[in-house]
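Notes for the structure review
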Amino acid sequence: MALRTVLVADIPSLPDSVYGLSEGLDTSKPTSFKMPGFSVIGHRGNGMNVLQSSDRRTRGFKENSILSFNSAAKFPIDFIEFDVQVTKDDFPVIFHDDFIYSQENGIVNESRVTDLSLSEFLLYGPQKEAEKIGKTLMRKSKEGQVLKWDVDSDDPLCTLQEAFERVEQSLGFNIELKFDDQIVYEREFLVHVLRTVLQVVFDYAKDRPVIFSSFQPDAAQLVRELQSTYPVFFLTDAGNQMYKDERRNSLEEAIKVCLEGKLQGIVSEVKGVFRNPSAIAKIKESNLSLLTYGKLNNVGEAVYMQYVMGIDGVIVDFVEEITESVTLMMIRPPSAASKDDVAIARPEFSQKEIDFLLKLLSQLIQH
């Protein structure tokens, strides 16, 4: 479907016939939502890959793969988070980056994921059939280097349907709906993409807990408009990086997006919360849940601080280490994987004590 630059707000509301809500999507089961105690969520499964890092933990398992998801499921976590895009032939696939890279005869080739068909997308990296050899999978770093995507335990690329079929059933899915930050999307295009994802979720989720999230505010509000079965969270950098769309630049704006779209929660970069702890009370007063993501969530003390502050959960890369820290700090009992377990009551701290603890974290926030 062609894209052109246009403000979504300028597009008039579409009739139900465009949404196609009568064509198989279940919108009749609104449910209340509450995070299961203090939640630990595996980022892209068992952690994202940082190919240029000297820390081997960032290259243990291929991120966003079935292998990584099931490896994370071995630890007492509630959800895994992963990124979903839709191919040009309408298949939701799991992949983080907007562009995918390969190398042939010394030449690096770049393709936009959403411009590929499913069969083209699955040609990258290791193949399911042992006798087949896929395209060499590369990745572009933030510094602009294109590196071979080498990890200790590799796995083929996968679809959303495969994740529902092959990942441990008790593990919840936090599905991030990925869109390119540099593109302003037409409403009709967003509806089409979201309906494609929703169809797979309704066909294959069964009783699995599912949360939707997106940095794209219009997409977040639309997926809530299109269905009421699964909670929707708005993702925000909370001012750590600035965007032309003001709705993405602060926790206060994130609250507005949620209230206007009747969303259930916010997922914030953790430093944004530590810099603006008063926003937590505003978020709670708005009856919204609050999760965080970011490098600081790989530090046990920072995770404990968030528990004390009333944050509902953290998205982490070092799943084994953080789940162990959470248990040792008695945030959750050792057997927290059981559905019958509940989180231990939060300790009571005065505002003065919390302010002191926040100062201890200030040095970490600088890095």
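Above this text you will find the structure in question.
Residues numbered from 1 in each chain as written. Predicted model: local features only at pLDDT ≥ 70, side-chain atom pairs only at ≥ 80, totals over all residues. Heavy atoms only, no water.

1. Here's the deal with the overall build of the chain
Regarding its fold elements, the chain presents twelve helices and 14 strands. Per-residue burial for the chain yields a buried fraction of 52% across its 367 residues. Within the chain, contacts between residues separated by at least 24 positions form 69% of all contacts whose residues are at least 6 apart in sequence. Summed over its atoms, the accessible surface of the chain is roughly 17600 Å², and 51% of this surface lies on carbon and sulfur atoms. (Helix = DSSP H or I, 4+ residues; strand = E, 2+ residues; numbered from the N terminus. Buried < 20%, exposed > 50% of the residue type's maximum accessible area, 1.4 Å probe, protein only. Contact = heavy atoms within 4.5 Å. Areas by Shrake-Rupley, 256 points an atom, 1.4 Å probe, with all protein chains shown as cover.)

2. Thoughts on the side chain of D218
Here D218 is to be found in helix α6 (residues 217-226). Among the polar contacts made by the side chain of D218, one reaches the side chain of R247 at a distance of 3.1 Å. (Polar contact = N/O pair within 3.5 Å; in protein donor to acceptor, adjacent residues only side chain to side chain.)

3. Overview of empty space enclosed by the protein
In the structure shown here, the tally under the stated rule is two cavities of 30 Å³ or more. Estimates place the volume of the second largest cavity at around 30 Å³. Residue classes in the lining of the second largest cavity are distributed as three nonpolar, two polar and two charged. (1 Å grid on protein atoms, 1.4 Å probe; cavity = no way out; pocket = protein on both sides within 12 Å on 5 of 7 lines; lining within 4 Å. Points joined across faces, edges and corners; volume = space filled by probe spheres on them. Nonpolar A, V, L, I, M, F, W, Y, C, P; charged D, E, K, R; others polar.)

4. Some details on the nonpolar core
Ranked by internal contacts, the top residues of the largest apolar core, which has 73 residues, are I175, V201 and F212. Counting residues per element, this core draws most heavily on helix α5 (residues 187-204), which supplies ten residues. Those residues in contact with F212, other than ones at most four positions away along the chain, are N174, I175, L177, V197, L198, V201, V223, Q227, Y230, P231, V232 and F233. Formed by 13 residues, the second largest nonpolar core is a distinct cluster that contains L51, F121, Y124 and V151. (Core = buried A, V, L, I, M, F, W, Y, C linked by side-chain atoms within 4.5 Å.)

5. Quick word on the pattern of salt bridges
Should their charged atoms come close, side chains of opposite charge can pair. By the definition in use, this model includes 18 salt bridges. Across the pair E63 and R139 runs a salt bridge whose closest N-O atoms are separated by 2.9 Å. Residue E63 is found in the loop between β1 (39-43) and α2 (66-72), and its partner R139 is found in strand β6 (residues 137-140); the two are separated by 76 residues along the sequence. Here E63 matches R139 in class, with each residue buried. Residues participating in the shared-partner salt-bridge network are R44, E63, D83, D97 and R139. (Salt bridge = Lys/Arg side-chain N within 4 Å of Asp/Glu carboxyl O.)

6. Overview of helix α7 (residues 251-261)
All of the buried residues in α7 are L251, A254, I255, V257, C258 and G261. The arc enclosing the buried residues of α7, seen along the axis, measures out at 160°, which places them on a common side. Close packing links the buried residues of α7 with α6, β11 (232-236), β12 (265-269), α8 (270-275) and α9 (278-285). Positioned one or two residues after α7, K262 has a phi angle of 60°, which is positive. (Arc of directions from axis to C-beta.)

7. Side note on the pairing of β11
With five of its five residues buried, β11 lies for the most part within the structure. Because side chains alternate across β11, one face comprises the buried residues V232, F234 and T236, and the other comprises F233 and L235, equally buried. Chirality of the crossover, the property in question, places the unit of strand β10 (residues 210-214), α6 and β11 among those that are right-handed. Traced from β11 through α7 to β12, the parallel crossover comes out right-handed. (Right-handed = clockwise from strand over helix to strand, strands pointing away.)

8. Focus: the packing of aromatic side chains
For the structure on display, the rule yields twelve aromatic pairs. With centroids separated by 5.3 Å and ring planes inclined at 65°, the aromatic side chains of F179 and Y185 adopt a geometry described as edge-to-face. Plain terms: the ring middles of Y304 and Y307 are 6.1 Å apart, the flat faces sit at 40° to each other, and that makes the pair tilted. Taken together, the positions of Y304 and Y307, both in helix α10 (residues 300-309) and three residues apart, correspond to about one turn of that helix. On the basis of relative accessibility, which here comes to 24%, the residue Y304 falls in the partly exposed class. By relative accessible area, Y307 is classed as buried at 2%. Three or more aromatic residues link up through ring pairs in this structure, and these residues are F69, F82, F164 and F173. Taking the ring centre of W149 as reference, the NZ or CZ of K62 above it sits at 5.5 Å. The ring centre of F173 lies 4.1 Å from the NZ or CZ of R208, which sits over that ring. (Phe/Tyr/Trp six-rings, centres within 6.5 Å; stacked < 30°, edge-to-face > 60°. Lys NZ or Arg CZ within 6 Å of the ring centre and 35° of its normal.)

Without other data, these values stay purely geometric and don't point to any function.
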